[in-house]
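Take a look at the letters that make up each chain.
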Amino acid sequence: MRWAFLARRLGFYLAAAAAAIGLNFLLPRLMPGDPSSAIVEELERVSGQQVPAETLMSIRAIFGNPHANLAQQFADYLRQLSHGDLGVSVVNFPVPVADLVWQALPWTLLLVGTTTITAFAIGTLLGVVAGWKAGSRFDAILTPFTTFLSSVPYFWVALLALWIFGFVLGWTPLSGGYDADLPQGFSLAYAVSVLHHGVLPAATIVFSAFGGWLLGMRNMTVTTVREDYVLLAQAKGLSPKRVMFRYAARNAMLPSFTGFAMALGGVVGGALLTEIVFSYPGIGYLLYESLQKRDYPMMQGVFLLITLTVLLANLVADLAYVLLDPRIRARG
Amino acid sequence: MRSRWRVLLVVGAVLVVGCSGPTGGPAATGSAGGASIVYAKTDGGTTFVRNYNVLGPATDKAPNMELVYEPLMRVDYGAGGVVKPWLAESWAFAAQGKQLTIKLRTDVKWSDGQKFTADDVVYSLGLPIEKPDFSIAGVTYKSVTKVDDSTVKVVFPEPSYATLNQFANILLPMVPKHIWASQNLNTWTNPDPVGTGPFTVGEFKPQQITLKARSDYWGGKLPMTTYKIIPTSADALKAQLLKGDIDWASASWPNGEKEYVAKDPDKHLYQLYSNGGAMSVLFNTAKAPFNDVHVRRALALTIDRTAVVTTLQRPGTEAGPTGLSEQLFGDWLDPSYKGKVQKVDATGAKAELAKGGWTIDNGALVKDGKRYQPSILFNADWGWGNYADILINTWKQSLGLQVKGAGQPSAGYYDKQNLGQFDLAAASTGGASVYGVYRFLSSQFLTPIGKSATLDQGRWNDPETDKIIRSMERTDNVDELKTLGKQLQKIVVDEVPFSPIYNNFYFIDINATRWTGWPTPEKFDSIPFAGMGPDTIRTLLSLQRRGN
């Protein structure tokens, strides 16, 4: 039973991945304009001169001809992908897209990864406590306050934080991911500078994100608390802490857990606004730049990476669910 | 030690013991960096890419490449955009401007120690011809040959006095043949560039590039040992300038006079240098009603230029009727247009319309029973909506004409402009030298509506204009050029193929705490804008350390 379920899920994800690759190939080609004309246009803007037809032809030779047979283009695209080749960035010609992605990825994983986990942990923990004692003073103050927090626009929080802590107080740097005067590598000074640069962007993300987890968890806990098995556990005389975490929270967490897995999948997409406000060198900014400059190969590369990680995270969530929730196995 | 203390405060007590040793901490390497100048780049994203393939079609290359690779000539903006020597020592035209002999400096060395020779020039100038996809500078000559070790000959298909400035283009720099000729330029990123410029790449990190000054630069000894480039955002930049973390940047700062200069007028410099360009209203002269000069004049007479620059928080940048900035072209301007900014003149505009037999009825232009309701195309990505609204309101108030706003994102904006699918368009005009500003009006760039044009998007087609432009291309006599330039100014003012609104500027932010000797808009030989090729180098050469 369990294996059949797994096989079906895997099949679904493979199909979804294939569809994602197909769409990723097709969408930019359905958009108006093509990358080679975009380059020509930019060259003409920069030089103020008409670009000869030969230039357009050789640019197409480098970046692919948008007027070639679609099936042929797709075959070329797949062949490239199978070699791990995401193509050459247009605005950074001749730098490969993969190089740019690898340069940005660690920063995003570090910043968004840790903050997603932290925000989830803080929010969930506080949510359980608030939900367990729904209506208590703790709940009555914390819950409306976090609702307010979640509705404050993130970029505003980030700009304000940068102004106060970075400029007025001078506690944190104003931009970047590390002190560029230090040699890069595994030294204590370097690690400290990475932390120093990361603390403010990280704090703003956690500050804005934990409220969402808190509210979800609180509301689920409130419902779970009234379930018979929780009453039974209490009736058995188990310690309140044990009942709260082992009985109520564990079950209330299931929906939050799915959300968490999806959020982890989204980590690779980066935190666009954070990266813009703090000039943080991650994937979010790379995507933003590629969109702004119509760098199709870079756009495609980043999109594909994001889609595939989201799919992977969903798959992991699905599999974990099988272990966590026996009802799924029963139905499967 | 204060900044160290803050670090510790943030990361916590555990690390205190670990990194408060006496030497080698972050503060020690950070501020004691000797004679270094820091430039903050706001328009290049958060990271830099190590790509010194200078001649390739990339639009985002490693920044300040002009400090490594130099062109043959430079444009002297202080003198009306004339061309002056740089790596080339002198030159002479022959054969009615179809042949150019360039003499090279003989004291120039590549940063690897080899001599810079005519072979390098022939290779560098020849690349765009041999590989058209590397022709980003858009060259007009058809061949280059070596005469001797320090002389080359360039041949043009047309008389080309006026296009000499292509050799001053930083997109057409000199590269060493002994290194470049053996590379595959379609895959080579040239990570360790060897150039004739005053700097070499010392250390390249995505968040900071350190350029090292050469000791054997032909142009003289630089006062700094390193030049650092850091990426930043427009918002962070203001704080960094105020704090003195950086020395130099190029970003517009609306209200910069109050927010920055006023805090320390001696050291906080915010400078505006005209770049020769202007934001203008372009008329589509190939279609009614803008093929009628009376309609063009009427609309030009009712543009509220002062309201636009007030909204931009840039008082005093209104363009004169010729579109030539006085800061750059003072000597070239017809005296009768000097110091003139067109005021809104509703009466004059109505008289013009009447002369052409036009009436305005219910918001539309009417003649011979035909109604025209024009629209104005603008680039919505540039936030031009505000200014378009000012134009639309003024036309409505003074003439009763209802113009529709047609904002487009960049892609659509360029497409529509190039295809001629607009009535009015808010567009940039301008260039270096009088010829450079007006060249786009030549009918050699004319294409029918529906076919893409790179220049002359307004479809201006006037034999008189063509004749003058052609004459400018066929002479290098300055007095003659000035006379021809004045004739063109008259055409622009009287016939109004386009109507300038405000002048565009290079915006320069300087914190002169560490370095003094910066040029000022009142007195400059070179514009202190990073990215201006030889001008940037000249600026750096002119600086002095403050205090020692």
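What counts and what doesn't
Along each chain, residues carry numbers from 1 onward, in the same order as the chain's sequence is written. A letter from A marks each chain and a number from 1 marks each ligand, given out in the order of writing. Whole-chain, interface and lining totals are the exception, using all residues; otherwise, since this is a predicted model, local features are given only for residues with pLDDT of at least 70 and side-chain atom pairs are given and counted only at 80 or more. Neither water nor hydrogens contribute to the side-chain values; these are computed over all heavy atoms in the structure. Helix numbering and strand numbering both begin at the N terminus, where a helix is a DSSP run of H or I of at least 4 residues and a strand a DSSP run of E of at least 2. As defined in this context, the radius of gyration uses C-alpha atoms, and a globule is described by 2.2 Å times the residue total to the power 0.38. The buried label goes to any residue with under 20% of its type's maximum accessible area, the exposed label to any with over 50%, and the partly exposed label to all in between, with areas taken from a 1.4 Å probe on protein chains only. Here a residue-residue contact requires only that any non-hydrogen atoms of the pair lie within 4.5 Å. Surface exposure here means Shrake-Rupley accessible area, sampled with a 1.4 Å probe, where a residue is shielded only by the protein chains that are shown. Residues scored as charged are limited to Lys and Arg (positive) and Asp and Glu (negative), so that His and the chain ends carry no count. Charged side chains are reduced to one point each, which is NZ for Lys, CZ for Arg, CG for Asp and CD for Glu. We count a salt bridge whenever a side-chain nitrogen from Lys or Arg sits within 4 Å of a carboxyl oxygen from Asp or Glu. The residues that make up patches have over 30% relative accessible area and no salt bridge, and they are joined within 9 Å when like-charged or within 5 Å when they are Val, Leu, Ile, Met, Phe, Trp or Tyr. UniProt positions are given in the numbering used here, feature names are shortened, and annotations may be inferred rather than shown by experiment. In this scheme, a helix's expected span is set at 1.5 Å multiplied by one less than its residue total. Summarising the geometry, the arc corresponds to the directions from the helix axis toward the C-beta atoms. In this description, strands pair whenever DSSP reports at least two bridges between them. Inter-axis angles, ranging from 0 to 180 degrees, are taken between N-to-C directions of lines fitted to C-alpha atoms, where helices are fitted over the stretch in contact. Any angle between 65 and 115 degrees counts as roughly perpendicular, while under 35 counts as roughly parallel, over 145 as roughly antiparallel, and the rest as oblique. For this classification, the nonpolar set comprises Ala, Val, Leu, Ile, Met, Phe, Trp, Tyr, Cys and Pro, the charged set comprises Asp, Glu, Lys and Arg, and every other residue, Gly included, is treated as polar. Pairing of aromatic side chains requires ring centres within 6.5 Å, counting the rings of Phe and Tyr and the six-membered ring of Trp. Pairs whose planes differ by under 30 degrees are stacked, by over 60 edge-to-face, and all others tilted. For a Lys NZ or an Arg CZ to count as sitting over a ring, it must be within 6 Å of the ring centre and within 35 degrees of the ring normal. Definition of nonpolar core: a set of buried residues of the types Ala, Val, Leu, Ile, Met, Phe, Trp, Tyr and Cys, connected through side-chain atoms within 4.5 Å.

Novice: Which residues make up the overall build of chain B, and what values do they have?
Specialist: Of regular secondary structure, chain B possesses 17 helices and 21 strands. In terms of overall size, chain B behaves like a compact globule, its C-alpha atoms giving a radius of gyration of 26 Å where 548 residues would be expected to give roughly 24 Å. On the principal axes, the C-alpha backbone points of chain B span a range of 85 × 65 × 40 Å. For chain B, the proportion of its 548 residues judged to be buried stands at 56%. Sequence separation of 24 or more characterises 70% of the internal contacts of chain B that already satisfy a separation of 6 or more. Summed over its atoms, the accessible surface of chain B is roughly 21400 Å², and 50% of this surface lies on carbon and sulfur atoms. Charge separation in chain B, taken as the distance between the mean sites of 58 positive and 53 negative side-chain charges, equals 2 Å.

Novice: Tell me what's going on with unusual backbone geometry, and back it up with residues and numbers.
Specialist: Going from Phe93(A) to Pro94(A), the amide bond is cis rather than trans, its omega being 0°. Relative to the assigned elements, Pro94(A) resides in the loop between helix H4 (70-82) and helix H5 (97-132). The residue after Ala288(B), namely Pro289(B), is reached through a cis peptide bond having omega 0°. Mapping Pro289(B) onto the fold places it in the loop between strand S12 (268-283) and helix H8 (293-301).

Novice: Account for the pattern of salt bridges, with residues named and values stated.
Specialist: Enumeration over the complete set of coordinates arrives at 20 salt bridges over all chains. Salt-bridge contacts for Arg9(A) lead to Asp318(A); the nearest nitrogen and oxygen are separated by 2.6 Å. With Arg9(A) in helix H1 (residues 2-30) and Asp318(A) in helix H13 (residues 296-324), this pair connects stretches of sequence that are 309 residues apart. Ionic pairing is found between Asp535(B) and Arg74(B), a salt bridge with its closest N-O pair at 3.6 Å. Taken together, the positions of Asp535(B) in helix H17 (residues 534-541) and Arg74(B) in strand S2 (residues 73-76) put the pair 461 residues apart, joining distant regions of the chain. Neither residue differs from the other here; Asp535(B) and Arg74(B) are each classed as buried.

Novice: Please give an account of a nonpolar patch on the surface that cites residues and values.
Specialist: All names here are of chain A. Together, Phe 155, Trp 156, Leu 159, Leu 160, Trp 163, Ile 164, Phe 165, Val 168, Leu 169, Trp 171 and Leu 273 give the surface a local cluster of nonpolar side chains, amounting to about 1000 Å² of exposed area. Here the element with the most residues in the nonpolar patch is helix H7 (residues 154-168); it accounts for eight residues. Mapped onto the secondary structure, Leu 160 falls in helix H7.

Novice: Residues and numbers for the UniProt feature "domain: Solute-binding protein family" (unreviewed entry) in chain B, please.
Specialist: Under the present numbering, the feature "domain: Solute-binding protein family" (unreviewed entry) in UniProt falls on residues 83-432 of chain B. A helix fraction of 25% and a strand fraction of 26% characterise residues 83-432 of chain B, whose end C-alpha atoms lie 10 Å from each other.

Novice: How would you explain the UniProt feature "transmembrane region" (unreviewed entry) in chain A if you had to name every residue and give the values?
Specialist: Those residues carrying the UniProt feature "transmembrane region" (unreviewed entry) are residues 12-31, 107-132, 153-174, 194-216, 252-278 and 298-324 of chain A in this numbering. Between the first and last C-alpha atoms of residues 153-174 of chain A the distance is 20 Å; the span itself is 68% helix and 0% strand.

Novice: Residues and numbers for H4(A), please.
Specialist: All names here are of chain A. Along its 13 residues, H4 runs 18 Å from first to last C-alpha, staying within 8% of the 18 Å computed at 1.5 Å per residue. Of all the residues in H4, the buried ones are Gln 73, Tyr 77 and Leu 81. Buried residues of H4, viewed axially, fall in a sector of 70°; they line one side. Exposed residues lying more than 90 degrees from the buried face of H4 are Ala 71 and Ser 82. Two residues or fewer after H4 comes Gly 84, characterised by a positive phi angle close to 70°.

Novice: I'd like to hear about the sheet that holds strand S5 (residues 99-104) of chain B, residue by residue, with values.
Specialist: All names here are of chain B. With antiparallel pairing, four strands are arranged side by side in an open sheet as S4-S5-S7-S6. The open sheet has two free edges, formed respectively by strand S4 (88-94) and strand S6 (143-148), since each of these has just one partner strand. This sheet shows a mean twist of 20° between the axes of neighbouring strands, independent of strand direction. In the sheet, S6 pairs with strand S7 (residues 151-155) via five bridges, with the strands oriented antiparallel. Across the sheet, Asp 148 pairs through a bridge with Thr 151, a residue of S7. Sheet strands touched by helix H4 (residues 118-130): S5, S6 and S7. Its angle to S6, the strand with the most contacts, is close to 175°.

Novice: Residue-level account of the packing of helix H9 (residues 228-235) of chain A against helix H10 (residues 240-266) of chain A, with values.
Specialist: Residue and element names in this part refer to chain A. Contact geometry of H9 with H10 gives a least axis separation of 10 Å together with a crossing angle of 175°. Relative to H10, the element H9 is oriented roughly antiparallel. In this structure, H9 uses Tyr 229, Val 230, Ala 233 and Gln 234 to contact H10, whose residues at the interface are Val 243, Tyr 247, Ala 248 and Asn 251. Partitioned by chemical class, the residues of the contact of H9 with H10 number six nonpolar, two polar and no charged.

Novice: Describe the sheet that holds strand S10 (residues 226-231) of chain B, and please don't skip the residues or the numbers.
Specialist: Residues and elements named next belong to chain B. With mixed pairing, the ten strands of this open sheet are ordered in space as S8-S9-S10-S1-S11-S19-S12-S18-S16-S17. Unpaired on one side and paired on the other, strand S8 (199-205) and strand S17 (404-408) mark the two borders of the sheet. Here six bridges tie strand S1 (residues 36-41) to S10, and the two strands are oriented parallel to one another. Directly across from Lys 41, in S10, lies its bridge partner Pro 231.

Novice: Tell me about the packing of aromatic side chains, residues and numbers included.
Specialist: According to the stated counting rule, one finds 38 aromatic pairs over all chains in the structure shown. Ring geometry for Phe12(A) versus Tyr13(A): centroids 5.2 Å apart, planes at 75°, classification edge-to-face. Classification of Phe12(A) as partly exposed rests on a relative accessible area of 45%. Residue class for Tyr13(A) comes out buried when judged on its relative accessible area of 10%. Of the aromatic side chains, those joined through ring pairs into one cluster are Tyr39(B), Phe199(B), Tyr227(B), Trp248(B) and Trp518(B). Looking at Lys482(B), its charged tip hangs above the ring of Trp332(B), at a distance of 5.4 Å from the centre. Its end group placed over the ring of Trp515(B), Arg545(B) keeps NZ or CZ at 5.3 Å from the ring centre.

Novice: How would you explain the pairing of strand S3 (residues 82-85) of chain B if you had to name every residue and give the values?
Specialist: Two faces make up the sheet, and in a regular strand the side chains alternate between them. Residues and elements named next belong to chain B. As paired elements, S2 and S3 share four bridges and run antiparallel to each other. Note that in S3 the partner of Arg 74 across the bridge is Lys 84. Hairpin remark: S2 followed by S3, antiparallel, with five residues in the connecting loop; positive phi at Gly 80, about 80°.

Novice: Which residues make up the nonpolar core, and what values go with them?
Specialist: Residues and elements named next belong to chain B. With 114 residues, the main nonpolar core has Leu 72, Leu 125, Phe 167, Trp 180, Tyr 227, Trp 248 and Leu 540 as its most contacted residues. Excluding anything up to four places from it in sequence, Trp 180 contacts Tyr 52, Asn 53, Val 54, Leu 55, Tyr 69, Tyr 123, Leu 127, Val 175, Leu 185, Trp 188 and Asn 190. Among the nonpolar cores identified, the runner-up in size contains 33 residues, and Phe 290, Ile 390, Ala 426 and Ile 501 belong to it.

Novice: Describe the environment of Leu308(A), naming the residues involved and giving the relevant values.
Specialist: Looking at where Leu308(A) falls in the secondary structure, it is placed in helix H13. In the structure, Leu308(A) is positioned twelve residues away from Tyr296(A) in sequence and 18 Å away in space, judged by C-alpha atoms.

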